Amino acid sequence: MSKQEIVSDWFYQYNHDVYHFLVYYTGRRDPEDLVQEVFIKALKGLDKFSGDSSPKTWLFSIARNVAIDEIRKQKRRGSDQQVNLDEAYNIGHNETPDQLVLIDERHQELYNAIHQLKSSYKDVVMLRGIKELSVDETAKVLNWSNQKVRTTYSRALKALGQIQGGFNNE
């Protein structure tokens, strides 16, 4: 298999996961260009993929770095675009509305709460809680130890609960 065929295969397997990760991470409604950038970087860096982790884990590492770069660019431009998850989840899908998962007000509150967390907490919540990566996969994406992932995730969930508790009391 050629490099292009490998990355193309990964694109068909993981593009929706990468897309949704980038929506949550960057707050952009239209991360298609970022998804494309992730897979271009994967193609260019395929020789560096050692196979120690799954392709999905490696792609999330790339996506996280692309997202961090994008957030820095947004801050420099002064753009603080908030995302409406109802709109974001319906962009770029061929499924019928009946097949799409309904995103309700609580999902929007969760999104807002996640973005109030400090960066390390946000990273681990998105990878473990939203994208459901294992502790080991999350550790590889973040370049942390498994214990740090467990501890940070526990603390992040506690912080998230306190933030969401504030929403419920308003």
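These notes cover the structure that comes with them. (Residues numbered from 1 in each chain as written. Predicted model: local features only at pLDDT ≥ 70, side-chain atom pairs only at ≥ 80, totals over all residues. Heavy atoms only, no water.)

### Quick notes on the packing of helix 1 (residues 3-26) against helix 2 (residues 32-44)
- At a minimum axis separation of 8 Å, helix 1 and helix 2 run at an interaxial angle of 140°. Between helix 1 and helix 2, the angle falls in the class oblique. Note that helix 1 runs across helix 2; the crossing there is right-handed. Here Lys3, Gln4, Val7, Trp10, Phe11, Tyr14, Asn15, Val18, Tyr19, Leu22 and Thr26 of helix 1 come into contact with helix 2, specifically with Glu32, Leu34, Val35, Val38, Phe39, Ala42 and Leu43.
- Looking at the contact of helix 1 with helix 2 residue by residue, the classes come out as 13 nonpolar, 3 polar and 2 charged. (Axes fitted to C-alpha atoms, helices over the stretch in contact; angles between N-to-C directions. Helix = DSSP H or I, 4+ residues; strand = E, 2+ residues; numbered from the N terminus. Parallel < 35°, antiparallel > 145°, perpendicular 65-115°, else oblique. Left-handed = near helix turned anticlockwise from the far one by under 90°. Contact = heavy atoms within 4.5 Å. Nonpolar A, V, L, I, M, F, W, Y, C, P; charged D, E, K, R; others polar.)

### Side note on the side chain of Ser61
- Along the polypeptide, Ser61 turns up in helix 3 (residues 55-77).
- Judged by relative accessible area, Ser61 falls into the buried class, the value being 17%. (Buried < 20%, exposed > 50% of the residue type's maximum accessible area, 1.4 Å probe, protein only.)

### Some points on the nonpolar core
- Formed by 46 residues in total, the largest nonpolar core has its most connected members in Trp10, Leu22, Val38 and Leu59.
- Contributing elements (two or more residues each) for this core: helix 1, helix 2, helix 3, helix 5 (105-114), helix 6 (119-130), helix 7 (135-142) and helix 8 (146-169).
- The element best represented in this core is helix 1, accounting for 10 residues.
- Among all residues touching Leu22, those that are not within four sequence positions of it are Gly27, Pro31, Leu34, Val35, Val38, Ala63 and Ala67. (Core = buried A, V, L, I, M, F, W, Y, C linked by side-chain atoms within 4.5 Å.)

### Considering the pattern of salt bridges
- By the definition in use, this model includes 7 salt bridges.
- In this structure, Lys41 engages Glu37 in a salt bridge whose closest nitrogen and oxygen atoms are separated by 4.0 Å. Residue Lys41 and its partner Glu37 are both found in helix 2; the two are separated by 4 residues, about one turn of the helix.
- Salt-bridge contacts for Asp123 lead to Arg64; the nearest nitrogen and oxygen are separated by 2.7 Å. In this pair, Asp123 sits in helix 6 while Arg64 sits in helix 3, placing the two residues 59 residues apart along the sequence. Residues Asp123 and Arg64 agree in their burial class; the two are buried. (Salt bridge = Lys/Arg side-chain N within 4 Å of Asp/Glu carboxyl O.)

### As for the packing of aromatic side chains
- Under the counting rule described, the total for this entry stands at 7 aromatic pairs.
- Taking 5.4 Å as the distance between ring centres and 40° as the angle between the ring planes, the aromatic pair formed by Phe21 and Tyr25 counts as tilted. In this pair, Phe21 and Tyr25 are both assigned in helix 1, 4 residues apart and thus about one turn of the helix distant.
- Taking the relative accessible area as the measure of exposure, Phe21 reaches 2% and is therefore buried.
- For Tyr25, a relative accessible area of 3% gives the class buried.
- Ring plane angle 55° and centroid distance 5.1 Å describe the contact between Phe21 and Phe60, whose orientation is recorded as tilted. Of this pair, Phe21 sits in helix 1 while Phe60 sits in helix 3, placing them 39 residues apart in sequence.
- The rings of Trp10, Phe49 and Trp58 are connected pair by pair, giving a single aromatic cluster. (Phe/Tyr/Trp six-rings, centres within 6.5 Å; stacked < 30°, edge-to-face > 60°.)

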